[in-house]
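Per-entry structural report
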Amino acid sequence: TTVLGYASRLSAYANRGVTGLPELHDNARVLKTKLKTLKALVQAASNVVALTGAGISVAAGIPDFRGPQGIWTLEDKAKREGDKRKKRKKNKIESVDTSIAGASFETAEPTKTHLALVALQKAGKLSFCATQNVDRLHITSGMPRDRLAILHGCVFTEQCETCDYEVVHDRDLGGVSFQSTGNLCPRCGDNMRDTVLDWNDGIQDQEWEPSVSEFKNADLALCLGTSLRITPAADLPLMSKKFVIINLQQTPLDDRAALIIRANVDDVLTTLLSDLGISMRQTTTDTSSNNTHVLATPHTSLSLSISSSQRKKDVVAAIETTTSVDTTTTKKKRRRS
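An account of the accompanying structure is given in this report. For every chain, the first residue of its written sequence is number 1, and the numbers climb from 1 along that sequence. Local features in a predicted model are, by the rule used here, given only for residues with pLDDT of at least 70; side-chain atom pairs are given and counted only at 80 or more, and totals for whole chains, interfaces and linings are based on all residues. To obtain the side-chain values, all non-hydrogen atoms of the structure were included, while hydrogens and water were left out.

**A few points about the nonpolar core**
Our working rule: In plain words, nonpolar cores are sets of buried Ala, Val, Leu, Ile, Met, Phe, Trp, Tyr and Cys residues tied together by side-chain atoms within 4.5 Å. The buried label goes to any residue with under 20% of its type's maximum accessible area, the exposed label to any with over 50%, and the partly exposed label to all in between, with areas taken from a 1.4 Å probe on protein chains only. Any two residues having at least one pair of non-hydrogen atoms within 4.5 Å are treated as being in contact.
Within the largest apolar cluster, 48 residues are counted, with the highest numbers of intra-cluster contacts made by L38, I246 and L269. Beyond its immediate stretch of four places on either side in the chain, I246 contacts L38, C223, L224, G225, I261, A263, V265, V268 and L269. In terms of nonpolar packing, the next biggest core, distinct from the first, is built from 23 residues, F128, A130, A149 and F215 among them.

Printed below as a string of structure tokens:
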């Protein structure tokens, strides 16, 4: 399954926001100065958090949505061209070329940015990461689940509708909007449901509430590869004392950022680690089957993480959450601006 397959599951939504903005690049002199500033900001901060978007997975072969070759950018372009042809020839509007779908979610490997964030977390420089991505790469990179919020769900994950027991598979489950997967909870025996949000679905409390708490307590938030156009996720950096944007396109929050770096996010994070004297540990692919790993989720006393020999292919992670969701709580819906 590719990102195009995921995008096709989402319901029609007219206001997907701005697409196709040009990518901007700082020149070498400016970038060098900004990297020094970034190092100083990270060193001065006692509590650093990160918000990640589709841009950090582009190097894994997964297209983003709003970039020059993004899924929605090319869909919008195809629609405009189709409208022109329709006016001339009354032809049916064609869909976007499926050849731009990119790598499959199942075969994609964590990028340098994913690995750098794990290295920062293990070095005690990153306390929490919230991601808008549905591709599982933060999990397979080794980010502890109790330090990770998966805001918009994951195409590999199903969750018990009663006790919140969570199972991460090695294949895309194909669902959206909390559909039943047909599986039963290994913990309580109730129904399991997918976790992928549709446009008007609310972020689950067990993902949203820890994110708000962590970002409010943060001295510095790193916004990596995100357009910051999806709310409420885009509101999180505003809760921190300062935030840095590392993204090739302009965002609605540029004028409020302490620093904006227009450069490849992999290059920036690699340089940051080098400047801080932190080594980046590479992942290794596990080719055996049916490896089961129990990870920690927010508010759980369990503290196991995926070791370097337990990553990637055919991983099945059973994740137990011990808190129940208050179903009376108003859910935060994701919106585009």
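Back to the text.
**Considerations on the sheet that holds strand β2 (residues 128-131)**
Let me state the cut-off plainly: For two strands to be treated as a pair, DSSP must find no fewer than two bridges joining them. Only runs of H or I of at least four residues qualify as helices and only runs of E of at least two qualify as strands under DSSP, and these elements are numbered from the N terminus. Angular values range over 0 to 180 degrees, each being the angle between N-to-C directions of two axes fitted as lines to C-alpha atoms, with helices fitted over their stretch in contact.
Taken in spatial order, the 6 strands make up an open sheet running β3-β2-β1-β9-β11-β12, and their pairing is parallel. Lying at the two open borders of the sheet, with one neighbouring strand each, are β3 (148-150) and β12 (259-261). Averaged over all pairs of adjacent strands, the angle between strand axes in this sheet comes to 15°, irrespective of strand direction. As paired elements, strand β1 (residues 48-52) and β2 share 4 bridges and run parallel to each other. Of the residues in β2, the one forming a bridge with L51 is A130. Each of β1, β9 (220-224), β11 (242-246) and β12 is contacted by helix α2 (residues 28-44), which is oriented at about 130° to β12, the strand it contacts most. Here helix α8 (residues 265-276) sits on the sheet in contact with β9, β11 and β12, set at roughly 125° to β11.

**A look at the packing of α2 against α8**
The criterion, for reference: Between 65 and 115 degrees an angle is taken as roughly perpendicular, under 35 as roughly parallel, over 145 as roughly antiparallel, and anywhere else as oblique. Put simply, a crossing is left-handed when the front helix is turned counterclockwise from the back one by less than a right angle, and right-handed when it is turned clockwise. Gly falls in the polar group here, along with every residue not listed as nonpolar (Ala, Val, Leu, Ile, Met, Phe, Trp, Tyr, Cys, Pro) or charged (Asp, Glu, Lys, Arg).
For the pair α2 and α8, interaxial distance at closest approach is 10 Å and the crossing angle is 60°. Relative to α8, the element α2 is oriented oblique. The handedness of the crossing between α2 and α8 comes out as right-handed. Listed contacts from α8 to L35, L38, K39, V42 and Q43 of α2 are V268, T271, L272, D275 and L276. Taken together, the residues that form the contact of α2 with α8 break down as 6 nonpolar, 2 polar and 2 charged.

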